[in-house]
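Overview (structure and organization)
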Amino acid sequence: MMAKTFELSPGYTISRVIRGGWQLAGGHGAIDRQQAVTDLIATFDAGIFSYDCADIYTGVEEMIGAAQLRLANERGLDVAARMKVHTKLVPDLERLAGISRDYIRGIVDQSLRRLKTERLDLVQFHWWDYSQPRYVDAMGWLNDMRLEGKVRNVGTTNFDTERLGEILAAGVPVVSQQLQYSVLDQRPARSLATLAEKHGLHFLCYGSVAGGFLSERWLGAAEPSAPFENRSLVKYKLIIDDFGGWKLFQSLLAALKAIADRRGVDVATIASAWVLDQPQVAAVIVGARNQAHALANARIMDVALSAQDHAEIGAVIAESPGLEGDVYMLERDRHGRHGSIMHYNLNAGRV
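This report concerns the structure included in the present document. Values in this document were obtained by computation on a predicted structure and should not be read as measured data. (Residues numbered from 1 in each chain as written. Predicted model: local features only at pLDDT ≥ 70, side-chain atom pairs only at ≥ 80, totals over all residues. Heavy atoms only, no water.)

**With respect to the packing of helix H5 (residues 135-148) against helix H6 (residues 161-169)**
Between two packed helices, the angle of one axis relative to the other and the distance separating the axes together describe the packing. Operational definition: For every element, the axis is a line fit to its C-alpha atoms; helices are fit only across the contacting stretch, and the angle between N-to-C directions ranges from 0 to 180 degrees. Helix and strand definitions follow DSSP, with helices as H or I runs of at least four residues and strands as E runs of at least two, each counted in order from the N terminus. Working definition: roughly parallel below 35 degrees, roughly antiparallel above 145 degrees, roughly perpendicular at 65 to 115 degrees, and oblique for all remaining angles. Handedness of a helix crossing follows the sense of rotation of the near helix relative to the far helix, less than a right angle counterclockwise being left-handed and clockwise being right-handed. Contact definition: two residues touch when any of their heavy atoms are within 4.5 Å. Each residue receives one of three labels: charged for Asp, Glu, Lys and Arg, nonpolar for Ala, Val, Leu, Ile, Met, Phe, Trp, Tyr, Cys and Pro, and polar for the others, Gly being one of them.
Running from N to C, H5 and H6 point in directions that differ by 45°, and their axes come no closer than 10 Å. Taken as axis vectors, H5 and H6 run oblique relative to one another. By crossing handedness, the relation of H5 to H6 is classed as right-handed. Listed contacts from H6 to Tyr135, Val136 and Met139 of H5 are Arg163, Glu166 and Ile167. Taken together, the residues of the contact of H5 with H6 sort by class into 4 nonpolar, no polar and 2 charged.

Below you can see the structure in the form of structure tokens.
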């Protein structure tokens, strides 16, 4: 059985499954705020005490803040303090050229207010366009806020090897990078994993279940076409296409299902457990629409894959050409298939 916790930085421990927040931000159906807060607490009770949100996830920081406050009121401050909350700082594309210390401070202060806390556990920084070169400056300003005590840890989101190397060379103590990693997408295993090992930083991985595509629902199903029912399916169908197409995806699902049946779990659990076994991976970030999903997600931490399991999955992955380039390269092309579906200015009018 694998460890259920991970020390991300000295004295800072997270659960190896992190409750994702993107599915609560819109584009995945209507949200009952009160029920969502109850579900967030059920996640905590299931053993998943780490949460992921972002400044651009509408209403999610507030919901997690409300869940933590409710825990404090009902069970005491010591219990609520066990909840670890990771947010992201995503400057708008249109603001990158004129990014300033005050802009960075404004977003951090906004997250502090929404989460009803005096210090953010982890702030993960994203940058849309490398032709705007001030991401190192911005990370330095964010680190200043760590030194002030408003932020405990700083991380990055979706940086490639070259640019993350620049940030590290500038002396910013990055503890983690959030990125996409799955049986469909192994881009992080290339040069970025080597850099991360050298500097002692770890990966927090989204996309391990490909927005729900990595599930029994899609095994034997006909290839779907647009329109899709939510934004996650739009995004991850493109990943399946680049992995090798629907036929190869079906072979992968069949391999995952055989392993899942042997272990009495589901396909999504096996897919996420595979990611947790990869070098430099600290945790997987998995969304949940209800309490049942939260309980299922907790089972990921109970699975220890064997060498045979990995060989069976690896045999299918070996047939894939692999996604092109470094981490987030495809998504960073705003005119390409992946980048054209992104929303680039979601902080406009907020800070």
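**What to know about helix H12 (residues 307-317)**
Which entries qualify depends on this criterion: Exposure is judged per residue with a 1.4 Å probe applied to protein chains only, and the accessible area is read against the type maximum: over 50% gives exposed, under 20% gives buried, and values in between give partly exposed. By definition, the arc is the one covered by directions from the helix axis to the C-beta atoms.
Buried within H12 are the following residues: Asp309, Ile313, Val316 and Ile317. Burial along H12 is one-sided: seen end-on, the buried residues are contained in an arc of 105°.

**Let's talk about the side chain of His126**
Here is the rule we go by: Polar contact is the term for a pair of N or O atoms within 3.5 Å; when the atoms are in protein, one must be able to donate a hydrogen and the other to accept it, and sequence-neighboring residues count only if both atoms are side-chain atoms.
On the secondary structure map, His126 appears in the loop between strand S6 (120-125) and H5. Classification of His126 by relative accessible area gives buried; the value is 4%. Within the structure, the side chain of His126 is placed 3.4 Å from the backbone oxygen of Thr157, a separation counted as a polar contact. Contact partners of His126, with chain neighbours within four places excluded, come to Leu89, Val90, Pro91, Thr157, Asn158, Phe159, Tyr328 and Arg332.

**Regarding the pattern of salt bridges**
Quick reminder of the rule: Counted as salt bridges are all cases of a side-chain nitrogen of Lys or Arg within 4 Å of a carboxyl oxygen of Asp or Glu.
This model, assessed by the stated rule, comprises 24 salt bridges. Of the charged contacts, one joins Glu62 and Arg114 as a salt bridge, the two residues approaching to 3.5 Å between their closest N and O atoms. Here the residue Glu62 occupies a position in helix H2 (residues 60-75), and Arg114 occupies one in helix H4 (residues 101-115), the gap between them amounting to 52 residues. In this structure Glu62 comes out as partly exposed when scored by relative accessible area, which is 25%. Overall, Arg114 belongs to the buried group, its relative accessible area being 13%. The partner of Lys257 in a salt bridge is Asp261, with the nearest N and O atoms 2.7 Å apart. Remark: Asp261 and Lys257 occur in helix H9 (residues 246-263); sequence separation between them is 4 residues, near one turn of the helix. By relative accessible area, which is 23% here, Lys257 ends up partly exposed. Put simply, Glu223, Lys237, Asp241, Asp242 and Arg337 are held in one network by salt bridges that share partners.

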